[in-house]
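Working through the structure, step by step
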Amino acid sequence: QVQLVESGGGLVQAGDSLTLSCAATGRPVNWNTMGWFRQAPGKDREFVAHITRLNTSYTAESVKGRFTISRDNTKNTGYLQMNSLGPEDAAVYYCASTNRIILTYRSRNDYDYWGQGTQVTVSS
């Protein structure tokens, strides 16, 4: 079993940066693929980025060039560095994890463990 706890959300101004953290307990995070999703009010949960156990990563086109996913296996923690934030980035951000080996990790159905979410608010 894996438990995930996100932190680092908050209120920022447009153009600011923010780094989210996802601390994992239970199975070591380097065994898992870790993903980040976000959900704005009234919208579906949207894939943001993932990083595999081999440290290969993929970032959604909507945030490519602004967001960077990374992991520190010694700390069992994943990160999402977010730069040049805009109002369109405001959402609850969730980290997720899976031990499964599959072709892609861009669907919420690809993940087995979820954090409780952290709110990111961007003022214009």
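Just above, that's the structure.
The present account deals with the structure reproduced in this document.

Cut-offs applied
- The numbering scheme is per chain: residues are counted from 1 as the chain's sequence reads.
- The predicted origin of the model limits local features to residues at a pLDDT of at least 70 and limits the giving and counting of side-chain atom pairs to 80 or more, whereas totals for whole chains, interfaces and linings rest on all residues.
- Heavy atoms throughout the structure, all of them, feed into the side-chain values; hydrogens and water do not.
- Counting from the N terminus, the helices are the DSSP runs of H or I reaching at least four residues and the strands are the DSSP runs of E reaching at least two.
- Our radius of gyration is a C-alpha quantity, and the globule rule it is checked against amounts to 2.2 Å times the number of residues to the power 0.38.
- Throughout this description, buried means an accessible area under 20% of the type-specific maximum (1.4 Å probe, protein chains only), exposed means over 50%, and partly exposed covers the range between.
- Computed by Shrake-Rupley with a 1.4 Å probe, the accessible areas treat only the displayed protein chains as cover when residues are assessed.
- This count recognises Lys and Arg as positive and Asp and Glu as negative, with His and chain-terminal groups excluded.
- Charge placement uses NZ in Lys and CZ in Arg. For Asp and Glu, CG and CD serve respectively.
- Between N or O atoms, a polar contact is any pair within 3.5 Å; within protein, one atom must be a potential hydrogen donor and the other a potential acceptor, and residues adjacent in sequence are included only when both atoms are from side chains.
- Contacts between residues were defined by any pair of non-hydrogen atoms, one from each residue, lying within 4.5 Å.
- Cysteine sulfur pairs qualify as disulfides if the two atoms are within 2.5 Å.
- A pair of strands is treated as paired once DSSP finds two or more bridges between them.
- To obtain each axis, a line is fitted to C-alpha atoms, and for helices this fit is confined to the stretch in contact; angles are then taken between N-to-C directions over 0 to 180 degrees.

Turning next to the overall build of the protein chain. Scanning the protein chain from N- to C-terminus turns up zero helices and eleven strands. Along its sequence from the N terminus, the protein chain presents helices and strands in the succession β-β-β-β-β-β-β-β-β-β-β. The C-alpha radius of gyration of the protein chain comes to 13 Å, within 12% of the 14 Å expected for a compact globule of 124 residues. Dimensions of the protein chain, computed from the C-alpha atoms along their principal axes, are close to 40 × 25 × 25 Å. Counting over 124 residues, the protein chain shows a buried share of 44%. Accessible surface computed for the protein chain: about 6,200 Å², of which carbon and sulfur atoms make up 49%. Between the centroid of the 12 positive side chains of the protein chain and the centroid of its 10 negative side chains there is a distance of 6 Å.

Looking at where T98 falls in the secondary structure, it is placed in strand β9 (residues 91-98). A relative accessible area of 0% means that T98 is categorised as buried. Of note is the side chain of T98, whose polar atom sits 3.0 Å from the backbone nitrogen of R100. Each residue touching T98, except ones within four places of it in the same chain, is listed here: N32, T33, Y105, D110, Y111 and D112.

This next bit is on the state of the cysteines. Under the counting rule described, the total for this entry stands at one disulfide. In this model, C22 is linked to C95 through a disulfide, with the two sulfur atoms separated by 2.0 Å. Taking the torsion about the S-S bond as the criterion, the C22 to C95 disulfide, at about 60 degrees, is right-handed. You can see C22 sitting in strand β3 (residues 18-26) and its partner C95 sitting in strand β9, a full 73 residues away along the chain. Here C22 matches C95 in class, with each residue buried.

As a further point, take unusual backbone geometry. Its identity is not glycine, yet N55 carries a phi of approximately 70 degrees, on the positive side. Accessibility expressed as a relative area gives 47% for N55, which makes it partly exposed. The phi angle at S84 is positive, at roughly 50 degrees, despite the residue not being glycine. Along the chain, the position of S84 falls in the loop between β8 (77-82) and β9. Assessed through its relative accessible area of 45%, S84 is described here as partly exposed.

What follows is about the sheet that holds strand β7 (residues 67-72). The pairing of strands in a sheet comes from backbone hydrogen bonds and takes either a parallel or an antiparallel form. As summarised here, the arrangement of the four strands in space is β1-β3-β8-β7, forming an open sheet in which the pairing is antiparallel. Two strands lie at the open edges of the sheet, namely β1 (2-7) and β7, each paired on one side alone. Ignoring strand direction, the axes of neighbouring strands in this sheet form an average angle of 20 degrees. Sheet analysis places β1 next to β3, joined by six bridges and oriented antiparallel. Within β3, the position partnered with Q3 by the bridge is T25.

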